[in-house]
Amino acid sequence: MADNNHSYFQHPYFVLTGIPGLEQKYYWMAFPLGTLYVIALFGNGVIISTIKSESSLCIPMYYFLCMLAWADMGLALCTLPSMLGIFWFNYKSIPFDASLVQMYFIHTFSAIESGVLVAMVFGRLVAIWNPLRYGTILTSGVVCRIGAVILTRAVCVVFPVPFLIKRLPFYCSNILSHSFCLHQDIMRLACASTQVNSLYGLIAVIFTKGSDSLSILLSYVFILRTVMATASGEGQLKALNTCVSHICAVLIFYVPLIGVSVIHRFGKHLSPLTHALMANAYLLVPPVLNPIVYTVKTKEIQKKIIQIFVQTKITAEG
């Protein structure tokens, strides 16, 4: 009877938290926050349209970059409604089912991005290890199959998570720690044992980001050994220079991710502001910085951005 009464009074919604201590400045903070979302969506949109329109970019390396841009856009769009709702309209409530949907897509796109980073380093490895067979190994069909495996893995691994959360009772606190819904954050509010959720979450993280980070590390060890053994000094710099953008993308993704994980497990004594800022960085930094990094390194994308600005200026003056 007690369980039935508790489930009857279960909260129908969660309350999102913005940035603790800065509530009075939310309206002004919404403008730089909105700017970051514009940069993320515009930058990744330009990358996708450039790769689609430029025949010179129709090679596996840029196909993987296009996948990365789609994953970044997905991450940005997942958090955009709740983040701007809080900072512009002070709207903090999110229905229980909507929170599960947002949580699912955030973790799915995050897993997709991790998988794409592995695919990109695999492309770099093939190009450096056996450049003459690069085109025959990484054909369009192979790239499509790799993309399908990355998507299928992310969808299937994250799929049980909302159902594991939905079975838990929530009749105590319903206040989340962030401006969006994460599995760890929702799970800690449950009024029942979460051992199954914790165990599955750990398995999912090991199977996706854990194995991915190890694969990336081992791939770069092999790349370094190959470059140092086969290339001259100038050739070594040229070969390693092709990996700079990807290394930046890996650091941009994994450093905030590791920071959030460490804070969630060992930083309970830290202020809520630190938790909020780290979580925001985890989801906002990659979609914003990845387009900037790849724009700096890709002349075709630079030309596309210049064309857009020129056309916009001509339209405005006309």
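Given the structure is predicted, the values throughout are model-derived calculations rather than measurements. (Residues numbered from 1 in each chain as written. Predicted model: local features only at pLDDT ≥ 70, side-chain atom pairs only at ≥ 80, totals over all residues. Heavy atoms only, no water.)

**Q** Is there a simple way to explain the overall build of the chain in this structure?
**A** Looking only at helices and strands, the chain features 13 helices and two strands. Relative to a compact globule of 318 residues, whose C-alpha radius of gyration would be 20 Å, the chain shows 22 Å and is just as compact. The dimensions of the chain, computed from C-alpha atoms along their principal axes, are 70 × 55 × 35 Å. Split into buried and exposed, the 318 residues of the chain put 46% on the buried side. A separation threshold of at least 6 residues defines the contact pool for the chain, and within that pool the share at least 24 residues apart is 80%. Surface exposure of the chain reaches about 16600 Å², of which carbon and sulfur atoms provide 70%. (Helix = DSSP H or I, 4+ residues; strand = E, 2+ residues; numbered from the N terminus. Rg over C-alpha atoms; globule rule 2.2 N^0.38 Å. Buried < 20%, exposed > 50% of the residue type's maximum accessible area, 1.4 Å probe, protein only. Contact = heavy atoms within 4.5 Å. Areas by Shrake-Rupley, 256 points an atom, 1.4 Å probe, with all protein chains shown as cover.)

**Q** Can you help me understand the side chain of T17 in this one?
**A** Mapped onto the fold, T17 is located in the loop between β1 (13-15) and α2 (26-53). Here the side chain of T17 touches L176 through a polar contact of 2.5 Å, landing on its backbone oxygen. Residues contacting T17, with those up to four places away along its chain left out, are I86, I175, L176, S177, H178 and S179. (Polar contact = N/O pair within 3.5 Å; in protein donor to acceptor, adjacent residues only side chain to side chain.)

**Q** So what exactly am I meant to see when it comes to the packing of helix α6 (residues 140-158) against helix α9 (residues 195-230) here?
**A** A pair of packed helices can be characterised by two numbers: the angle between their axes and the separation between those axes. Axis separation between α6 and α9 bottoms out at 10 Å; the angle between their running directions is 165°. On the basis of their axis angle, the class for α6 and α9 is roughly antiparallel. Of the two elements, α6 crosses α9, and the hand of that crossing is left-handed. Residue-level inspection shows R153, C156 and V157 of α6 in contact with α9, the latter providing Y200, A204, F207, T208, S211 and D212. Classifying every residue of the contact of α6 with α9 by side-chain character gives five nonpolar, two polar and two charged. (Axes fitted to C-alpha atoms, helices over the stretch in contact; angles between N-to-C directions. Parallel < 35°, antiparallel > 145°, perpendicular 65-115°, else oblique. Left-handed = near helix turned anticlockwise from the far one by under 90°. Nonpolar A, V, L, I, M, F, W, Y, C, P; charged D, E, K, R; others polar.)

**Q** Got a minute to help me understand the packing of helix α4 (residues 96-129) against α6 in this structure?
**A** Running from amino to carboxyl end, α4 crosses α6 at an angle of 150°, the nearest separation of the two axes being 9 Å. Relative to α6, α4 is oriented so that their crossing is right-handed. Contacts between α4 and α6 involve Y104, H107, T108, A111, I112, G115, V116, A119 and F122 from the first element and I146, I150, L151, R153, A154, V155 and V158 from the second. In the contact of α4 with α6, the residues fall into 12 nonpolar, three polar and one charged.

**Q** Please explain the packing of aromatic side chains as it appears in this structure.
**A** What characterises a pair of aromatic rings is the spacing of the ring centres plus the angle enclosed by the ring planes. On inspection of all chains with the given rule, the structure shows seven aromatic pairs. Centroid distance F96 to F170: 5.7 Å. Interplanar angle 55°. Geometry classified as tilted. Of the two residues, F96 is situated in helix α4 and F170 in the loop between α7 (160-166) and α8 (183-187); the sequence distance between them amounts to 74 residues. Since its relative accessible area comes to 0%, F170 is described here as buried. Connected via pairs of aromatic rings, a cluster forms that spans F14, F96 and F170. (Phe/Tyr/Trp six-rings, centres within 6.5 Å; stacked < 30°, edge-to-face > 60°.)

**Q** Explain α6 here, please?
**A** Note on helix geometry: an α-helix contains 3.6 residues per turn, so any two residues three or four positions apart are oriented the same way. An ideal rise of 1.5 Å per residue puts 27 Å on 19 residues; α6 measures up with 27 Å between its terminal C-alpha atoms. If you check which residues of α6 are buried, you get V143, G147, I150, R153, A154, V157 and V158. In a view along the axis of α6, the buried residues occupy a sector of 130°, so they form one face of it. Projecting away from the buried face of α6 at angles above 90 degrees are the exposed residues C144, R145 and V149. Close packing links the buried residues of α6 with α3 (60-89), α4, α7 and α9. (Expected span 1.5 Å × (residues − 1). Arc of directions from axis to C-beta.)

**Q** Explanation requested: unusual backbone geometry in the structure shown.
**A** With the exception of glycine, the majority of residues adopt a negative phi angle, and the majority of peptide bonds are in the trans configuration. Unusually for a residue other than glycine, N90 sits at a positive phi of about 55°. One can find N90 in the loop between α3 and β2 (93-95).

Distances and angles like these do not, on their own, reveal function.
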